[in-house]
Amino acid sequence: MLVAYDETLTRHLAAVPHFERPDRVRVVAAELAQRGLLDERIDTRRATEGEVGLVHAPAYIELAKRECDRLDVGEHEMLTTGDTDVDQTSYESALRAAGGALIALEHVAVKRKAAFALVRPPGHHAEPARGMGFCMFNNAGIAARAFAVATGEPVLIADFDYHHGNGSQALVGNGISYLSTHAMPAYPGTGSANDNRLTPGASLVNVPLSASGISTEAFVAIWVKGLRAIAKRLRPSLLVVSAGYDFILGDPVGDLGVEPGVATQLGRLMREIADTYCDGRALFCLEGGYDTDVLAGCVADTIVGYDDALAVDAADPESIPKMQRSVLESVGAR
Ligand SMILES: [Zn+2]
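Residues numbered from 1 in each chain as written. Predicted model: local features only at pLDDT ≥ 70, side-chain atom pairs only at ≥ 80, totals over all residues. Heavy atoms only, no water.

A. Summary view of the overall build of the protein chain. Looking only at helices and strands, one finds ten helices and ten strands in the protein chain. At 18 Å, the protein chain has a C-alpha radius of gyration in line with the 20 Å of a compact globule built from 334 residues. Across its three principal directions, the C-alpha atoms of the protein chain cover 55 × 40 × 40 Å. Scored against the burial criterion, the 334 residues of the protein chain give a buried share of 61%. Sequence separation of at least 24 residues holds for 76% of the intrachain contacts in the protein chain that already meet a minimum separation of 6. Taking the average place of the 30 positive charges on the side chains of the protein chain and the average place of its 44 negative ones, the gap between the two points comes to 7 Å. (Helix = DSSP H or I, 4+ residues; strand = E, 2+ residues; numbered from the N terminus. Rg over C-alpha atoms; globule rule 2.2 N^0.38 Å. Buried < 20%, exposed > 50% of the residue type's maximum accessible area, 1.4 Å probe, protein only. Contact = heavy atoms within 4.5 Å. Lys, Arg positive; Asp, Glu negative; His and termini not counted. Charge placed at Lys NZ, Arg CZ, Asp CG, Glu CD.)

B. Quick look at helix H7 (residues 216–234). An ideal rise of 1.5 Å per residue puts 27 Å on 19 residues; H7 measures up with 27 Å between its terminal C-alpha atoms. Among the 19 residues that make up H7, 15 are buried, leaving the element largely enclosed by the rest of the structure. Arg235, located one to two residues past H7, shows a positive phi value of around 45°. (Expected span 1.5 Å × (residues − 1).)

C. Representation of the coordination of the zinc ion. Around the zinc ion, the donor atoms from the protein are Asp161 (OD), His163 (ND1) and Asp246 (OD), and they sit 2.0 to 2.1 Å away. Counting along the primary sequence, the residues that act as donors to the zinc ion give the motif D-x1-H-x82-D. Of this pair, His163 sits in the loop between strand E6 (155–159) and helix H6 (166–169) while Asp246 sits in the loop between strand E9 (238–243) and helix H8 (262–277); the two residues are 83 residues apart in sequence, bridging distant segments of the chain. Under the relative-accessibility criterion, His163 is labelled buried at 9%. (Donors = N, O, S within 2.8 Å, 3.2 Å for Na, K, Ca; no water.)

D. Broad picture of the pattern of salt bridges. All told, the structure shown has 20 salt bridges when counted by the stated rule. The residue Glu106 makes a salt bridge to Arg45 at a minimum N-O spacing of 2.7 Å. Highlighted residues: Glu106 in helix H4 (residues 90–111) and Arg45 in the loop between strand E2 (41–42) and helix H2 (49–52), separated in sequence by 61 residues. By relative accessible area, Glu106 is classed as partly exposed at 38%. Between Glu318 and Arg325 there is a salt bridge, with its nearest N and O atoms 3.8 Å apart. (Salt bridge = Lys/Arg side-chain N within 4 Å of Asp/Glu carboxyl O.)

E. Main features of the packing of aromatic side chains. A complete count under the given rule lists ten aromatic pairs for this structure. Centre to centre, the rings of Tyr60 and Phe137 are 6.0 Å apart; their planes meet at 80°, and the pair counts as edge-to-face. Taken as a pair, Tyr60 in helix H3 (residues 58–69) and Phe137 in the loop between strand E5 (114–117) and helix H5 (139–151) lie far apart in primary sequence, 77 residues in all. The class of Tyr60 is buried, set by a relative accessible area of 3%. (Phe/Tyr/Trp six-rings, centres within 6.5 Å; stacked < 30°, edge-to-face > 60°.)

F. Looking closely at the sheet that holds strand E1 (residues 2–4). Spatial strand order, E2-E1-E5-E10-E9-E6-E7-E8: eight strands in an open sheet with parallel pairing. Edge positions in the sheet fall to E2 and strand E8 (204–210), since each has one partner strand and no second. In the packing of H4 onto the sheet, the strands contacted are E1, E2, E5, E9 and strand E10 (282–286), and the crossing angle to E5 comes to about 175°. Those strands touched by H8 are E6, E9 and E10, and its axis lies near 160° from that of E9. (Pairing = 2+ DSSP bridges. Axes fitted to C-alpha atoms, helices over the stretch in contact; angles between N-to-C directions.)

G. Structural detail: helix H10 (residues 322–330). Restricting attention to buried positions, one finds in H10 the residues Gln324, Val327 and Leu328. All buried residues of H10 lie within an arc of 95° about the axis, which places them on one face of the element. Projecting away from the buried face of H10 at angles above 90 degrees are the exposed residues Lys322 and Ser330. On the buried face of H10, the contacting elements are E8 and H7. (Arc of directions from axis to C-beta.)

H. Up close: the pairing of E5. Burial along E5 is two-sided: Ala114 and Phe116 and Ala115 and Ala117, pointing in opposite directions, are all buried. Sheet analysis places E1 next to E5, joined by three bridges and oriented parallel. Bridge pairing in E5 links Ala4 to Ala117. Alignment of E5 against E10, held across four bridges, turns out to be parallel. Across the sheet, the residue bridging to Ala115 is Leu283, located in E10.

I. Spatial organisation of the environment of Asn139. Residue placement: Asn139 occurs in helix H5. Taking relative accessible area as the criterion, Asn139 reaches 2% and is therefore assigned buried. In this structure, the C-alpha to C-alpha distance between Asn139 and His124, residues 15 residues apart in sequence, is 7.3 Å.

J. Inspection of the pairing of E8 at higher detail. Counting buried positions along E8 yields six of seven residues, so the element is predominantly enclosed. Looking at chain direction, strand E7 (residues 176–184) and E8 are connected through seven bridges and run parallel. The partner of His182 across the bridge, within E8, is Pro208.

Encoded structure:
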């Protein structure tokens, strides 16, 4: 699988003690290289302000630039719009992250193959006019919107991060649909199943999970059942995966107790969906995941699972807790 990654992604918050730190991508890239999964690598590129403007308001883009530019070397502050720490490099880094998603998308669209944008800062909390939750620009959302605008074809964003992607939910419509599992109650507080709607080109399916955790089997079963049903209904031309691994057992920020072996299964499931509906077009964008060693193993296993194209292991639908089962049934996943 093609991986979009380069050293520019390690500049943001390099001198700041923070969960969202350069090692997140550096350690993953080293693991991929060691396992022979980085042979097909491309540099990211700088997204243009016009491309970022597909999702974000010009006034917010200007604010993000201004608030980074005014910092001296070594200084860091939070964006005034939300809890995203920034330093002098962060605006340019965020443009590279969005551009990483876009250059990966270009490969996906032309070659009809998958790509992984190994980028930071992450994106799924960034709303059109508000950066928050460690995010500045919504990388996955920008790529999804770029594809939908260019082709007029439907896109499905599948988000398995521990947290709800409030920024991605805000983009639902005009060809973009969104399916998410996330802990609840948890940051950012959005993601209720009451918001769900099944509208062609504008579907929203939130499957909140108990913050006390879920079994690995149930997690896999929810994704198999939910994603298969939604994809069958929406028939997306592009699958965008918001690949966040902070739901994995032991993560210092999230942790739903799910074992790391789930990553291979998720990779295989995404392959099945991309091959069945999207003519092989799948774009993975890194979101959360704060234990760097676990993150590295999970990203690698996701890629291996996608590439080996084997069937997802059987997961007993009976393992799905009642609440999530009823959410899935309400969107036609039986
Ligand atoms: Zn997260």
